[in-house]
Amino acid sequence: MTAPAQPGPLFEYAPAPESRSIVDVRPSYGLFVDGEFVDGSGEAMKTVNPATEEVLSEIAVGTEADVDRAVRAARRAFTRVWGPMRPADRGKYLFRIARILQERAREFAVLESLDNGKPIRESRDVDVPLAAAHFFYHAGWADKLAHAGLGPDPRPHGVAGQVIPWNFPLLMLAWKVAPALATGNTVVLKPAETTPLTALLFAEVCRQADLPPGVVNVVTGAGDTGRAVVEHDDVDKVAFTGSTEVGRSIARAVAGTRKVLTLELGGKAANIVFDDAPIDQAVEGIVRGIFFNQGHVCCAGSRLLVQESVHDEVIASLQRRIGTLRVGDPLDKNTDIGAINSAEQLARIRELSDVGEAEGAHRWQPACDLPDRGFWFPPTVFTGVSPAHRIARDEVFGPVLSVMTFRTPDEAVAKANNTTYGLSAGIWTEKGSRILAIADRLRAGVVWANTFNQFDPTSPFGGYKQSGYGREGGRHGLAAYLKGASH
């Protein structure tokens, strides 16, 4: 009797690269202050393509003096133009920006994948459309704030200083800039050191939309530039998305001042799979939860809690599914997992993965050919994890999943809540009553049921504990940008 033929790869796809020609990356960029691109006073930095380590452009670095120039421009624009403007007219500018983002969507998607390393499918289908959707949504709010249930006379704070991370550069910009402008504030934005290019392209969109000079200012640089924005005396509102460590230092800097602060920080989300869950659907959600954007997601489902009776079935199905994921060129439309954003982040992922193995967890990775150049890490699953392991406690911020088991719903809730974070969670079960009961007990700002990593501008997003405070998106997200607003 002959042995059955061994199955080959599921599909063999020819490369399908997106063209880079849609994007004109300049050799160098200045700061965007008062409607113009100007030189920075600091020593310029380089931004690289993490998939190839190729230098994309040289970026100006803003000093305290440059930040002061930007804040003064934002104050003038707020006092003379944007603040006094009819709210309906402010809304028209936001609608115009949203439409331009849609018209230039392919350009933004390619630039985001080049600078960040994320797959073009994600930047094309998620990041850019959602960014435009946030501007459309908030444009509609601009002339309705008095009817939003946020108090009888909601007024803008003034100048908003905003510092955004590298994992979703354009989308995080939209989350911050759209509500600030809709509520009548002006903005000084500091994009992440490693991913400034889409923010600088957005500055061009502001000019294309004829946004009055000074309403949006973009000051590029690293930590010192962000610190100058946060600590500037004439900034009224500070919004930060990033690491818990930096969030703590910002909270200390702002404490005792008149500044209003919102923080959206790290996470260590529990993704809970009950024994009655549809396994194939749950596996797709697990993959989306942890491998979307290479795991560079603050609300990633990085702790998988599986009911004991279905553990083996879930892990076997999960490993089969991970074996079909394609790791490689972010500009290839077939790619599922792109490059890690920086050498620094790759070193942290490797360090925590090695610690996980040293502490006794079992590391599993699929057979995976990684490119020779660039920053890469294969999708990774750790089983035999206990809540005491560092990989179960610390935010890895990479494509690394820690798997634990539970027997009862009470144990699932206890393990899910056993974290210093509280940003998100997921529940997989066919019982609606169980979804409601468990969600009510989870200490997380966002709880997904039978899905994961779904976002919408109408829905507020934010966390508890060391995941920060305040909400972004929805009606709740407007309150942070308004004086006298009640939540």
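Look up: the structure comes first, before these words.
From a predicted model like this one, the values you see are computed outputs, not experimental measurements.

Quick notes on the rules
- Residues numbered from 1 in each chain as written.
- Predicted model: local features only at pLDDT ≥ 70, side-chain atom pairs only at ≥ 80, totals over all residues.
- Heavy atoms only, no water.
- Helix = DSSP H or I, 4+ residues; strand = E, 2+ residues; numbered from the N terminus.
- Rg over C-alpha atoms; globule rule 2.2 N^0.38 Å.
- Contact = heavy atoms within 4.5 Å.
- Areas by Shrake-Rupley, 256 points an atom, 1.4 Å probe, with all protein chains shown as cover.
- Lys, Arg positive; Asp, Glu negative; His and termini not counted.
- Charge placed at Lys NZ, Arg CZ, Asp CG, Glu CD.
- Polar contact = N/O pair within 3.5 Å; in protein donor to acceptor, adjacent residues only side chain to side chain.
- Pairing = 2+ DSSP bridges.
- Axes fitted to C-alpha atoms, helices over the stretch in contact; angles between N-to-C directions.
- Expected span 1.5 Å × (residues − 1).
- Buried < 20%, exposed > 50% of the residue type's maximum accessible area, 1.4 Å probe, protein only.
- Parallel < 35°, antiparallel > 145°, perpendicular 65-115°, else oblique.
- Nonpolar A, V, L, I, M, F, W, Y, C, P; charged D, E, K, R; others polar.
- 1 Å grid on protein atoms, 1.4 Å probe; cavity = no way out; pocket = protein on both sides within 12 Å on 5 of 7 lines; lining within 4 Å.
- Points joined across faces, edges and corners; volume = space filled by probe spheres on them.
- Salt bridge = Lys/Arg side-chain N within 4 Å of Asp/Glu carboxyl O.

A. Quick peek at the overall build of the protein chain. Of regular secondary structure, the protein chain possesses 15 helices and 20 strands. The C-alpha radius of gyration of the protein chain comes to 23 Å, within 12% of the 23 Å expected for a compact globule of 487 residues. Reported as C-alpha extents along the three principal axes, the dimensions of the protein chain are approximately 85 × 50 × 35 Å. When contacts within the protein chain are restricted to residue pairs at least 6 apart in sequence, long-range pairs at least 24 apart make up 75% of them. When the accessible surface of the protein chain is summed, it comes to about 19,300 Å², and 50% of that surface belongs to carbon and sulfur atoms. Computed over 52 positive and 58 negative side-chain charges, the separation of the two mean positions in the protein chain equals 6 Å.

B. Structural context of the side chain of Thr429. Tracing the chain through its elements places Thr429 in the loop between strand S17 (424–428) and helix H14 (432–441). At 2.8 Å, the side chain of Thr429 forms a polar contact with the side chain of Asp276. Within the structure, Thr429 has its side chain in polar contact with the backbone nitrogen of Lys431 (distance 3.2 Å). Not counting residues within four places of it along the chain, the set of residues in contact with Thr429 comprises Phe274, Asp276, Ala277, Arg434, Ile435 and Asn450.

C. Looking closely at the sheet that holds S17. Strand order in the open sheet formed by seven strands is S14-S15-S16-S13-S12-S17-S18, and the pairing between neighbours is mixed. The open sheet has two free edges, formed respectively by strand S14 (362–364) and strand S18 (446–449), since each of these has just one partner strand. Taken pair by pair, the neighbouring strands of this sheet meet at an average axis angle of 20°, ignoring direction. Across four bridges, strand S12 (residues 270–273) lies against S17 in parallel orientation. Paired with Ile272 across the strands is Ile427, a residue of S17. Helix-sheet contacts for H14 involve S12, S17 and S18, and the interaxial angle to S17 is about 160°.

D. Structural view of helix H6 (residues 197–208). For H6, which comprises 12 residues, the first-to-last C-alpha distance of 17 Å matches the rise-based estimate of 16 Å (1.5 Å per residue) to within 8%. Taken together, the buried positions of H6 are occupied by Leu197, Thr198, Ala199, Leu200, Leu201, Phe202, Ala203, Glu204, Val205 and Cys206. Just past H6, the residue Asp210 takes up positive phi, approximately 60°.

E. Fine view of the environment of Ala73. With respect to the secondary-structure elements, Ala73 resides in helix H1 (residues 64–82). In the structure, Ala73 is positioned 246 residues away from Gln319 in sequence and 54 Å away in space, judged by C-alpha atoms. Once you skip the residues sitting within four places of it in the chain, Ala73 turns out to touch Val33, Asp34, Gly214 and Asn217.

F. Spotlight on unusual backbone geometry. At Phe397, a residue that is not glycine, the phi angle is positive and equals roughly 60°. The backbone of Asn450 shows a phi angle near 55°, a positive value even though the residue is not glycine.

G. Looking closely at the packing of helix H4 (residues 120–141) against helix H5 (residues 169–182). Orientation of H4 relative to H5, taken along the N-to-C sense of each, is 5°, at an axis distance of 9 Å. Compared by their axis directions, H4 and H5 come out roughly parallel. Of the residues in H5, those in contact with Asp127, Val128, Leu130, Ala131, His134, Phe135 and His138 of H4 are Leu170, Leu171, Leu173, Ala174, Trp175, Val177, Ala178, Pro179 and Ala182. Within the contact of H4 with H5, the residues separate by chemical class into 13 nonpolar, two polar and one charged.

H. Layout of the sheet that holds strand S4 (residues 45–49). Strand order in the open sheet formed by three strands is S1-S5-S4, and the pairing between neighbours is mixed. Whereas interior strands pair on both sides, the edge strands pair on one side only; in this sheet they are strand S1 (28–29) and S4. Taken together, the five bridges between S4 and strand S5 (residues 54–59) define a ladder with antiparallel strand orientation. Considered in S5, the bridge of Met45 is made with Ile59. Together, S4 and S5 form the strand contacts of helix H3 (residues 105–116), whose direction differs from that of S4 by roughly 105°. Where H6 meets the sheet, its contacts fall on S1, S4 and S5, and the angle it forms with S5 comes to roughly 50°.

I. The environment of Met45, seen in detail. Note on placement: Met45 falls in strand S4. Along the chain, Met45 and Leu114 lie 69 residues apart, while their C-alpha atoms are 17 Å from each other. Beyond its immediate stretch of four places on either side in the chain, Met45 contacts Ser57, Glu58, Ile59, Val61, Glu193, Thr220 and Gly221.

J. Structural detail: the pairing of strand S13 (residues 303–307). Burial analysis of S13 places five of its five residues in the buried class, which makes it a mostly covered element. Neither face of S13 is exposed, since Arg303, Leu305 and Gln307 on one face and Leu304 and Val306 on the opposite face are all buried. As paired elements, S12 and S13 share four bridges and run parallel to each other. In the sheet register, Ala270 faces S13, and the bridge partner there is Arg303.

K. View of empty space enclosed by the protein. One pass over the full model with this rule turns up three cavities of 30 Å³ or more. In this structure, the largest cavity is lined by 15 residues; those nearest its centre are Arg303, Ala416, Thr419, Ser424 and Ala444. Within the residue set of the lining of the largest cavity, elements represented by two or more residues are helix H13 (409–417) and S17.

L. Examining the pattern of salt bridges more closely. Under the counting rule described, the total for this entry stands at 32 salt bridges. Between Asp336 and Arg121 there is a salt bridge whose closest N-O contact spans 2.5 Å. Of the two residues, Asp336 sits in the loop between helix H10 (311–322) and helix H11 (343–358) while Arg121 sits in helix H4, which places them 215 residues apart along the sequence. Using a relative accessible area of 17% as the deciding quantity, one classes Asp336 as buried.

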